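What the coordinates show
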Amino acid sequence: MERRPVGRGAAELRPVAITPDFTEMAPGSVLMRMGRTAVLCTVSLEERVPAWLRGQGRGWVSAEYALLPGSTPTRTAREAVRGRQQGRTVEIQRLIGRALRSVVDLERLGEHQLVVDCDVLQADGGTRTAAITGGFLALERALERLAEGGLVQPAALTGRLAAVSVGVVDGEPLLDLDYDEDSRADVDMNVVMTDGGRYVEVQGAAEGAPFAKATLVELLKLAERGIGELLERGPQLA
């Protein structure tokens, strides 16, 4: 396979840019860029929990995800105007919420809910994985500040995590697919992992012919490499 856009190899991430505190009002915010994909992640504190959690002395972490109208070549209509969320949106925000809750000690939140909003400013593939990585970094900052203010207990995080896409394009396993690569992929996969090397979620499918176990193993190794690189950038935000 020829060199990919911006001259990167098969096992290289797109250029990554992480801007902490991109907004001032939220206790935690991060603008996450992966190549041309850009997702603004903000964290808000609500002094309430879902009804089924009331009185249990623990909190919750949920997520909302949206493609902004100008994020794609053809305008994406606001789902609030349509009156309902699309299935893809619901699936992605549930994925983000599950991923983030996997590394949070909910009892240390008290009866508070943290809402992680992930708004896609520009979409060029990998928006859900960028949202998870950026959402975690924003949550990490928010929890530190909320603990300093006495609103949640310290050390609410049980680990760190990041996410990345991998796939097989033109017969070659690739890390961190952009939209063009994703649209042509024979195998497409999203992987979420912790800094302890444990899997939080693996979403993958063949777009055509089934793939071998050896291909799965190779893709997981690529994902682990990419996630390791993303996690190394986290401490730089402190």
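Residues numbered from 1 in each chain as written. Predicted model: local features only at pLDDT ≥ 70, side-chain atom pairs only at ≥ 80, totals over all residues. Heavy atoms only, no water.

Points about unusual backbone geometry
Positioned with a positive phi, A155 is a non-glycine residue whose angle comes to about 55°. Tracing the backbone through its elements, the reader meets A155 in the loop between helix 3 (127-148) and strand 6 (161-169). Within the chain, D176 stands out as a residue other than glycine whose phi angle is a positive 60°. Following the sequence through the fold, D176 ends up in the loop between strand 7 (172-175) and helix 4 (179-184). Of the residues examined, D176 reaches a relative accessible area of 1% and is grouped as buried. (Helix = DSSP H or I, 4+ residues; strand = E, 2+ residues; numbered from the N terminus. Buried < 20%, exposed > 50% of the residue type's maximum accessible area, 1.4 Å probe, protein only.)

A word on the pattern of salt bridges
Inspection of the entire model under this criterion finds 14 salt bridges. Taking the shortest distance from any N to any O, the salt bridge between E229 and R225 comes out at 3.7 Å. Pair noted here: E229 and R225 are both in helix 5 (residues 213-233), with a separation of 4 residues, about one helical turn. On the accessibility criterion, E229 (30% relative accessible area) is partly exposed. A relative accessible area of 47% places R225 in the partly exposed class. (Salt bridge = Lys/Arg side-chain N within 4 Å of Asp/Glu carboxyl O.)

Any functional reading would require information beyond the geometric quantities listed.
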